[in-house]
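These are the residues of each chain, in order.
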Amino acid sequence: MTTNMTSQDLIALEDEFGAHNYHPLDVVLSRGEGVWVWDVEGNKYLDCLAAYSAVNQGHGHPRIVKALVEQACRMALTSRAFRNDQLAFFYRDICQLSGFAKVLPMNTGAEAVETAIKAARKWAYTVKGVPAGQAEILVFSENFHGRTTTIVGFSSEDQYKNGFGPFTPGFTLLPYGDADAAEKAMNPNVAAILVEPIQGEGGIIVPPAGFLKRLRKMTQEHGALLVTDEIQSGLGRTGKLFAYEHEGIRPDIVIIGKALSGGLYPVSAILADDEVMGVFKPGDHGSTYGGNPLGAVVARAALAVLVEEKLVENSAQLGTYAIERLRKLKSPHIKEIRGVGLWIGIELHASAGGARKFCEALQDRGLLCKETHEHVIRVAPPLTISRQELDWALEQLEAVLGGDSMGAQDPTGN
Ligand SMILES: *Cc1c(COP(=O)(O)O)cnc(C)c1O
């Protein structure tokens, strides 16, 4: 459906009928192709958020769209009461690509995190021998694992939790990046450590080198599982297939989502070997849409694009280039540039007055970025971005952040 309504009309309509649980930039998008998106007035933007890394393969990738359309016409949903003829191929592809023995498919990221929590707890009771009801999972401050009541219950962000309790017990919150604190918290009831290798929603927080390696070592020594949430960091975003590879470790459970379906349709999953995945017996867990044939073909196509178009390699190369170039930028506003691969956080000084107005100035120049927390601009374009397109994006960032244009009258610096 196309519309003759303006952005302002559509925003008013949305505000009238929709819950106000988001505060988006006021850009109403109607079309996307590769790294580019267009609003209803026809303005063109480079998408530097890529739907929180769900669109690593670029908007409307023809191969993934084709897979989706063809399968939608053949068969979309069987439920898991019956088998379907597409699921096995997705299982095989993701296991061969990741090197894990087994996969369990879900839909959204939060559901996959819940699945990992259930797997870890059941493993603790049935394999490790933790007394009933005593399993503990160690988690970290500034985490983001989704929005279910169990997951927000172990968030350190007040707004995610306030008004939504009571919460699920059994989680211990520790400072992110502090391996000593994790070591101290280890005890016989610990089922797992759940960690983001790099915190995306936390503000592209890269922990100290060796942090994951130490978590791996202590979980092995204490007989607990290491669970990495790679929903945002995985599938190429950091220049490796999985961010944990930067530390040369292998977790026991990996949680994936977002780019697993290239932004076309929600598909998430957990990956594990037999000892852990074997805890699930028929009837223990499930989802009506999880593992449906439409999701299976979309995910397979999205993974094939990732591999065949060498998006992981492109992320590594262009990410290193972009970070180096941004670090050379002289700006009174920038406190720190951090990131790995095409996943970059530009943290501004408090004196800059917040990242949002910079994102709005970037929007005026045709670059869509989203502030993360108050002071961080996140730069995370689709991994299909070319060097030329990236150069253009960096020029816009340099123009808005360089010099003192943001303090002057004209917010675009013209
Ligand atoms: C986005 C995200 C989630 C939640 O995924 P949804 O699909 O929004 O439920 C969980 N963990 C991380 C690290 C994420 O970035």
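Residues numbered from 1 in each chain as written. Predicted model: local features only at pLDDT ≥ 70, side-chain atom pairs only at ≥ 80, totals over all residues. Heavy atoms only, no water.

J.: Summarise helix H13 (residues 356–364); cite the residues concerned and give the values.
T.: Given 3.6 residues per helical turn, the α-helix brings residues three or four places apart onto the same face. Those residues of H13 that fall on the buried side of the exposure criterion are Arg356, Phe358, Cys359, Ala361, Leu362 and Gln363. The inward-facing, buried residues of H13 abut strand E3 (44–47), strand E12 (344–348), strand E13 (367–368), strand E14 (370–372), strand E15 (376–379) and helix H14 (387–401). Downstream of H13 by one or two residues, Gly366 has phi in the positive range, about 90 degrees. (Buried < 20%, exposed > 50% of the residue type's maximum accessible area, 1.4 Å probe, protein only. Helix = DSSP H or I, 4+ residues; strand = E, 2+ residues; numbered from the N terminus. Contact = heavy atoms within 4.5 Å.)

J.: Can you break down unusual backbone geometry residue by residue, with the values?
T.: Cis geometry is found at the peptide bond from Gly165 to Pro166, where omega equals 0 degrees. Inspection of the secondary structure assignment puts Pro166 in the loop between helix H7 (158–161) and strand E6 (171–174). For Ser79, which is not glycine, the phi dihedral falls at a positive 65 degrees. Checked against the element boundaries, Ser79 lands in the loop between helix H3 (62–74) and helix H4 (87–98). Positive phi, normally seen in glycine, also occurs at Lys258, with a value near 40 degrees. Position of Lys258 among the secondary structure elements: in the loop between strand E9 (253–256) and strand E10 (268–272). On the basis of relative accessible area, Lys258 is assigned to the partly exposed category, the value being 26%.

J.: Help me get a handle on the pairing of E3, residues and values and all.
T.: Bridge count for strand E2 (residues 36–39) against E3 is 3 bridges, and the pairing is antiparallel. Within E3, the position partnered with Val37 by the bridge is Tyr45. Counting the residues between successive antiparallel strands, the hairpin from E2 to E3 contains 4 residues, one of them, Gly42, with a positive phi of roughly 90 degrees. Examined bridge by bridge, E3 and E13 share 2 bridges and lie parallel to one another. Note that in E13 the partner of Leu46 across the bridge is Leu367. (Pairing = 2+ DSSP bridges.)

J.: Could you give an account of the domain arrangement of the protein chain, with specific residues and numbers?
T.: Domain boundaries in the protein chain define domain 1 (7–57 + 310–401) and domain 2 (62–308). Taking the mean C-alpha position of each, domain 1 and domain 2 sit 26 Å from one another. Between domain 1 and domain 2, the contact holds 28 residues from the first and 32 residues from the second. In total, about 2,300 Å² of surface goes out of reach between domain 1 and domain 2, with carbon and sulfur atoms giving 60% of it. Counting every contact that joins domain 1 to domain 2 gives 1 salt bridge. Between Glu201 and Arg378 there is a salt bridge; the shortest N-O distance is 2.8 Å. The interface formed by domain 1 and domain 2 contains 19 residue pairs in polar contact (both at pLDDT 80 or more). (Domains from an automatic or database assignment. Buried area = accessible area lost by both parts, 1.4 Å probe. Salt bridge = Lys/Arg side-chain N within 4 Å of Asp/Glu carboxyl O. Polar contact = N/O pair within 3.5 Å; in protein donor to acceptor, adjacent residues only side chain to side chain.)

J.: Could you give an account of the packing of H4 against helix H11 (residues 293–308), with specific residues and numbers?
T.: One way to put it is that H4 packs onto H11 with a least axis distance of 8 Å and a crossing angle of 30 degrees. One way to sum up the angle between H4 and H11 is to call them roughly parallel. In the crossing of H4 with H11, the sense of the turn from one axis to the other is left-handed. Judged by residue contacts, Leu87, Phe89, Phe90, Arg92, Asp93, Ile94 and Leu97 of H4 engage Ala296, Ala299, Arg300, Leu303 and Val307 from H11. Taken together, the residues that form the contact of H4 with H11 break down as 9 nonpolar, no polar and 3 charged. (Axes fitted to C-alpha atoms, helices over the stretch in contact; angles between N-to-C directions. Parallel < 35°, antiparallel > 145°, perpendicular 65-115°, else oblique. Left-handed = near helix turned anticlockwise from the far one by under 90°. Nonpolar A, V, L, I, M, F, W, Y, C, P; charged D, E, K, R; others polar.)

J.: Quick one: what's the story with the site of the ligand, residue by residue and with numbers?
T.: Around the ligand, the structure places Thr108, Gly109, Ala110, Phe144, His145, Gly146, Glu196, Asp229, Ile231, Gln232 and Lys258. Ala110 is positioned with one of its backbone polar atoms (N or O) 2.8 Å from an oxygen atom of the ligand. Between the ligand and Asp229, the relevant distance is 2.7 Å, taken from a nitrogen atom to a side-chain nitrogen or oxygen of the residue. Isolated, the ligand exposes 380 Å² of accessible area, and the fraction of that covered by the protein chains is 80%. Here the residues of the shell around the ligand are counted per class, giving 3 nonpolar, 5 polar and 3 charged. (Near = heavy atom within 4 Å. Areas by Shrake-Rupley, 256 points an atom, 1.4 Å probe, with all protein chains shown as cover.)

J.: Pulling in residues and values, what's your account of the confidence of the model for the protein chain?
T.: On average, residues of the protein chain carry a pLDDT of 95, and 97% of them reach 70 or more. Scored below 50 in pLDDT, residues 407–414 makes 7 contacts in the model with residues more than four places away or belonging to other chains. (pLDDT = per-residue confidence, 0-100.)

J.: I'd like a description of the packing of helix H12 (residues 311–328) against H14, backed by residues and values.
T.: Between H12 and H14, whose axes approach to 11 Å, the crossing angle comes to 25 degrees. Here H12 is positioned roughly parallel relative to H14, judged by the angle of their axes. In the packing of H12 onto H14, the handedness of the crossing is right-handed. Across the interface between the two elements, Leu318, Tyr321, Ala322, Arg325 and Leu326 from H12 touch Arg387, Leu390, Asp391, Leu394, Glu395, Leu397 and Glu398 from H14. Taken together, the residues of the contact of H12 with H14 sort by class into 7 nonpolar, no polar and 5 charged.

J.: Which residues make up the packing of aromatic side chains, and what are the values?
T.: Tallied over the full model, the rule gives 8 aromatic pairs. Arranged with centres 5.8 Å apart and planes meeting at 75 degrees, the rings of Phe144 and Tyr160 form a pair that is edge-to-face. Separated by 16 residues along the polypeptide, Phe144 in the loop between strand E5 (136–140) and helix H6 (149–153) and Tyr160 in helix H7 bring together distant segments of the chain. Across the pair, Tyr160 and Phe144 agree in class, each one buried. Members of the aromatic cluster, joined through ring pairs, are Phe140, Tyr176 and Phe211. If you follow Arg31 out to its NZ or CZ, it ends over the ring of Trp38, 4.0 Å from the centre. Its end group placed over the ring of Phe100, Arg250 keeps NZ or CZ at 4.1 Å from the ring centre. (Phe/Tyr/Trp six-rings, centres within 6.5 Å; stacked < 30°, edge-to-face > 60°. Lys NZ or Arg CZ within 6 Å of the ring centre and 35° of its normal.)

J.: Tell me about the environment of Val37, residues and numbers included.
T.: Checked against the element boundaries, Val37 lands in strand E2. C-alpha separation for the pair Val37 and Gly366, spaced 329 residues apart in sequence, amounts to 9.6 Å. Each residue touching Val37, except ones within four places of it in the same chain, is listed here: Leu29, Arg31, Gly32, Asn43, Lys44, Tyr45, Asp47, His59 and Leu368.

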